[in-house]
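Reading the structure
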Amino acid sequence: MPSFPSYRPRRLRGTAALRRAFAETSLQPSHLIAPLFVKEGIDEAAPISSMPGHYQHTLESLIKEARELVERGVAGVILFGIPAHKDPEGSEAWNDSGYLQQALRTIKDEVSEAALVVADLCLCEYTDHGHCGVLDGELVDNDATIDRYARIAVSQARSGADVIAPSGMMDGQVAAIRSSLDDSGFPNIPVLAYSAKYASGFYGPFREAAEGAPQFGDRKTYQQDPANVEEALREVALDIDEGADAVMVKPALPYLDVIRQVKDSFGYPTVAYNVSGEYAMVMAAAERGWLDERVATLEALTAIRRAGADLVITYHAKKAAEWLS
Ligand code: PBG
């Protein structure tokens, strides 16, 4: 490599056109997926205080929001349902006429040709104890839980989900879901596995949004320890082996190294989830004038793409798509 003064790196930074032409990473609306919450039993959309700009939606407001997102060119939406009725098993989750299922059917009719409708698959919004599966004492019973996940996946696929995204971090969940989808006539519905999902402090606002906070204990016996990356690679390898079509790392910004290693090790479609706490930090600081929301958001999303994510699930999707168009 030549050195100064024959090589002057600043030459390629001199104008906006030069910078754009030589950017190594692209960020487009088609790289973004927007999370949406739909809540049974409310008359109008309820703002989520820790996530300005986000709501617990009614079916009606959900459709309107999804339509606006699709018009802005996002890759898709990922839906979370909050049922009126919770029980220890989370049985509303596999009710074909449950609220999430209704939402999937409605949204599919309206917008799904233009964008993906992804169904998050978990039990924490559906159980009265807020854990991601059925309990055996104070522990989540892995194998009993994946039987339930297998039923939920079929119900979601039947209701029109384009992609099933299991987020519960049970062992064997991808295999259980893949085989139930195959056996039920859905061999072509892809599974996007939350493979490396960490027990994170950055999920706080989501738990307000989805009303799925654990009523006792925490999720450390099923979600990953933030200290581990080799374990993340094993989790991803297992999920791919079990039939995952795409894998996910979550959260995103504190785990850019994990995203990079997953992408480099497997060369698989890789999604990163820029989670609720990451969104809330930017919004809270921007509200105080401590940083510029637009600059910080586009920088963060670009960084996640640069780390190796093909798609980014982000609460900034709508605004970012607007800024980018
Ligand atoms: C539940 C689930 C969580 C998130 C997505 N699915 C919360 C959790 O595991 O406690 C977090 C998303 C976010 O913070 O934006 N399985």
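Data block above holds the structure.
These numbers come from a predicted model, not from an experiment.

Let us look at the pairing of strand 9 (residues 192-197). Along strand 9, six of the six residues are buried, which leaves the element largely enclosed by surrounding structure. Relative to strand 10 (residues 246-250), strand 9 runs parallel, the two sharing five bridges. Across the sheet, the residue bridging to Ala193 is Val247, located in strand 10.

On the secondary structure map, Ile63 appears in helix 2 (residues 59-71). Separated by 44 residues in the primary sequence, Ile63 and Ile107 have C-alpha atoms spaced 6.1 Å apart. Excluding residues within four positions of it along the chain, Ile63 makes contact with Thr106, Ile107 and Glu110.

The next subject is unusual backbone geometry. Among all residues except glycine, the phi angle is most often negative; among peptide bonds, the trans geometry is most common. Each neighbour pair has its own omega, and for Phe4 with Pro5 the value is 10°, a cis peptide bond. Position of Pro5 among the secondary structure elements: in the segment before helix 1 (16-21). For the bond running from Lys250 to Pro251, omega is -10°, close enough to zero to count as cis. Checked against the element boundaries, Pro251 lands in the loop between strand 10 and helix 8 (256-266). A positive phi is found at Met169, a non-glycine position, where the angle reads about 60°. Positionally, Met169 belongs in the loop between strand 8 (163-166) and helix 5 (173-183). Residue classification places Met169 among the buried residues on the basis of a relative accessible area of 4%.

Tallied over the full model, the rule gives eight aromatic pairs. Plain terms: the ring middles of Tyr198 and Tyr255 are 4.2 Å apart, the flat faces sit at 15° to each other, and that makes the pair stacked. Residue Tyr198 is located in the loop between strand 9 and helix 6 (204-210), and its partner Tyr255 is located in the loop between strand 10 and helix 8; the two are separated by 57 residues in the primary sequence. Tyr198 sits in the buried class, given a relative accessible area of 0%. You can call Tyr255 buried: its relative accessible area is 7%.

In the vicinity of the ligand lie 16 residues, with Arg207, Gln223, Lys250, Ser276 and Tyr315 positioned nearest. In the environment of the ligand, an oxygen atom lies 2.9 Å from a nitrogen or oxygen atom belonging to the side chain of Lys197. A distance of 2.8 Å separates an oxygen atom of the ligand from a polar atom in the side chain of Gln223. In isolation the ligand offers 400 Å² of accessible surface; the protein chains occlude 100% of this area.

Turning next to the state of the cysteines. In protein chemistry, a disulfide is the covalent bond that joins the sulfur atoms of two cysteines. Inspection of every chain in the model, using the stated rule, returns zero disulfides. Here Cys122 stays free of any disulfide, with the sulfur of Cys132 as its closest cysteine sulfur at 3.6 Å. Relative accessible area serves as the criterion here: at 4%, Cys122 is assigned to the buried category. Cysteine Cys124 shares no disulfide, and the gap to the nearest cysteine sulfur, in Cys122, comes to 3.9 Å. The exposure class assigned to Cys124 is buried, which follows from its relative accessible area of 5%.

What follows deals with empty space enclosed by the protein. Enumeration over the complete set of coordinates arrives at four cavities of 30 Å³ or more. Estimates place the volume of the largest cavity at around 140 Å³. Taken together, 19 residues form the lining of the largest cavity, with Cys124, Lys197, Tyr203, Phe206 and Lys250 sitting closest to its centre. Secondary structure elements with two or more residues in the lining of the largest cavity: strand 9 and helix 6. A per-class count over the lining of the largest cavity returns ten nonpolar, three polar and six charged. Residue lining of the second largest cavity: Met169, Met170, Asp171, Gly172, Gln173, Tyr194, Ser195, Glu235, Leu238, Asp239 and Glu242, and that is the complete set. Elements that contribute at least two residues to the lining of the second largest cavity include exactly strand 9 and helix 7 (230-241). For the lining of the second largest cavity, the element with the most residues is helix 7, which contributes three residues. Looking at the lining of the second largest cavity, its residues break down into four nonpolar, three polar and four charged.

About the cut-offs
Residues numbered from 1 in each chain as written. Predicted model: local features only at pLDDT ≥ 70, side-chain atom pairs only at ≥ 80, totals over all residues. Heavy atoms only, no water. Buried < 20%, exposed > 50% of the residue type's maximum accessible area, 1.4 Å probe, protein only. Helix = DSSP H or I, 4+ residues; strand = E, 2+ residues; numbered from the N terminus. Pairing = 2+ DSSP bridges. Contact = heavy atoms within 4.5 Å. Phe/Tyr/Trp six-rings, centres within 6.5 Å; stacked < 30°, edge-to-face > 60°. Near = heavy atom within 4 Å. Polar contact = N/O pair within 3.5 Å; in protein donor to acceptor, adjacent residues only side chain to side chain. Areas by Shrake-Rupley, 256 points an atom, 1.4 Å probe, with all protein chains shown as cover. Disulfide = S-S within 2.5 Å. 1 Å grid on protein atoms, 1.4 Å probe; cavity = no way out; pocket = protein on both sides within 12 Å on 5 of 7 lines; lining within 4 Å. Points joined across faces, edges and corners; volume = space filled by probe spheres on them. Nonpolar A, V, L, I, M, F, W, Y, C, P; charged D, E, K, R; others polar.

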